[in-house]
Amino acid sequence: MAVSLHPEVQDIFTRFGPHYRDIRGITLSGRHYRVMRAIESCRTEALGGHTDRCDRCGKLRVSYNSCRDRHCPKCQFLKREQWLEERQKDMLPIHYFHVVFTLPDILNPLVLRNQKVVYDLLFRSAAESLLELSGDPRHLGADVGFLSILHTWGQNLMDHPHLHCIVTGGGLARGGTTWRMTRRSFFLPVRALSRLFRGKFLDYLAACRKRGDLVFPGKTADLACEHVFQSFLRRLRRKEWVVYLKAPFKNARTVFGYLSRYTHRVAISNSRIVRIDNDTVLFQWRDYSDHGRNKVMRLDGVEFIRRFLLHVLPLRYVKIRYYGILSHRRRKDSLLHARAILNSPAPEHNAPTSWKERLLATRGFDVDRCQFCGNGRMVFVQTIVPVHCNGPPGGVR
């Protein structure tokens, strides 16, 4: 029997979360506990809220507060829209490339136990590879700009760390006085990029082990032995690492269409949940090993939560980063130079000043209009105090 007509991730955590916490006991990390409680409490009386009354028909409306945790599927829309508005100011009238850097799956056990260290290495190795190869005079010979977005999941909710990079289709040549445009059909040699990325990552990983930055609990215990770790590195060096260069975006509009799907994303959206049965969860997924066919997966409810929590990021971890001419330190001056060379003025943009204006602009939904009579305006009546508190409700805001 399903718990609702349109089940959500929150329903899964509410139903199976207590049992999951009982099973894990003291081994459940405080970080995971707080994320679970945030998702379960989101937009419920547990977090409090407020009551409004229509000034025309007198109907009351109760609105509960959001948890604002970045792992909650309900709390990402407005954050994403605000971020996209800021990025519009950075767009240039050029094409953009999409490059994906993926870590081999044999690294997954080590990544899971050293998330911050290894995710940092993924960002650093990918960024340095793109900057080094594009700056080489034998290739583009220019300073490009790009943003990198960390995703840690696959369609089946298992760990699959990879970076999505949106790269300018060209860059400022040395001295910053000319712009070198890439061909639309070619950015950089993928094999060279893959091998450079592999070499950098493994060199940095070895250095981390030497400094004592890595830990080796559980399934990774054997890697604490020096000769086993070196054998592990040799095995990784023999593999061809996956760097995927997708077809370029034609213009800024298509870039934003892509970004709207990939930024501020969580491991699974509510729209993919099909049904919740007595003990299991059914959700849609795309099986890339079977020609990308859409399928429905059935998981035990506790296993679903375990997989979801694999993708809880370390506290305050920054998962969207900027490099080259789009880095925070250089962005303002570099974009001024680039626009002058490309004879392109900065785009005019009047961003909404409040979340209500943003919701109206993006979804056409007027929060203050009465949903009952359709004519009146909702007026604040009173604050609703939280009913209870079972631990801190949120993670990173």
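Residues numbered from 1 in each chain as written. Predicted model: local features only at pLDDT ≥ 70, side-chain atom pairs only at ≥ 80, totals over all residues. Heavy atoms only, no water.

1. Here we look at empty space enclosed by the protein
Inference 1: Considering all chains together, one arrives at 3 cavities of 30 Å³ or more under this definition.
Inference 2: Roughly 110 Å³ of internal volume is contained in the largest cavity.
Inference 3: Taken together, 13 residues form the lining of the largest cavity, with H71, W153, R265, V266 and H311 sitting closest to its centre.
Inference 4: In terms of residue count, the dominant contributor to the lining of the largest cavity is strand β5 (residues 145-153) (4 residues).
Inference 5: When grouped by side-chain class, the residues that make up the lining of the largest cavity number 6 nonpolar, 4 polar and 3 charged.
Inference 6: Lining the second largest cavity, in full, are R87, D90, M91, Y96, L147, I166, V255, L259, Y322 and L326. (1 Å grid on protein atoms, 1.4 Å probe; cavity = no way out; pocket = protein on both sides within 12 Å on 5 of 7 lines; lining within 4 Å. Points joined across faces, edges and corners; volume = space filled by probe spheres on them. Helix = DSSP H or I, 4+ residues; strand = E, 2+ residues; numbered from the N terminus. Nonpolar A, V, L, I, M, F, W, Y, C, P; charged D, E, K, R; others polar.)

2. Focus on the nonpolar core
Inference 1: In this structure, F101, L103, L107, L130, F201 and L205 are the most contacted members of the largest nonpolar core, which totals 46 residues.
Inference 2: Counting only elements with at least two residues in this core, the list comes to β3 (96-102), α4 (108-113), α5 (115-135), β5, β6 (159-168), α6 (190-211) and α7 (226-238).
Inference 3: Broken down by element, this core gets its largest block of residues, 9 residues, from α5.
Inference 4: Excluding residues within four positions of it along the chain, L107 makes contact with F201, L205, F232, L236 and W241.
Inference 5: Among the nonpolar cores identified, the runner-up in size contains 32 residues, and L28, A38, L299 and I305 belong to it. (Core = buried A, V, L, I, M, F, W, Y, C linked by side-chain atoms within 4.5 Å. Buried < 20%, exposed > 50% of the residue type's maximum accessible area, 1.4 Å probe, protein only. Contact = heavy atoms within 4.5 Å.)

3. Points about the sheet that holds strand β8 (residues 179-181)
Inference 1: Reading across from one edge, β4-β7-β8 is the order of the 3 strands in this open sheet, with antiparallel pairing throughout. For this open sheet the edge positions go to β4 (142-143) and β8, each flanked by a neighbour on one side alone.
Inference 2: Taken together, the 2 bridges between β4 and strand β7 (residues 170-173) define a ladder with antiparallel strand orientation. Across the sheet, residue A142 finds its bridge partner in β7, namely A173. (Pairing = 2+ DSSP bridges.)

4. Concerning the layout of surface pockets
Inference 1: What the largest pocket holds in volume is close to 1,500 Å³.
Inference 2: Elements that contribute at least two residues to the lining of the largest pocket include exactly α3 (77-88), β3, β5, β6, β9 (243-249), α8 (252-262), β11 (280-287) and β12 (293-300).
Inference 3: Of the residues in the lining of the largest pocket, the class split is 15 nonpolar, 19 polar and 15 charged.

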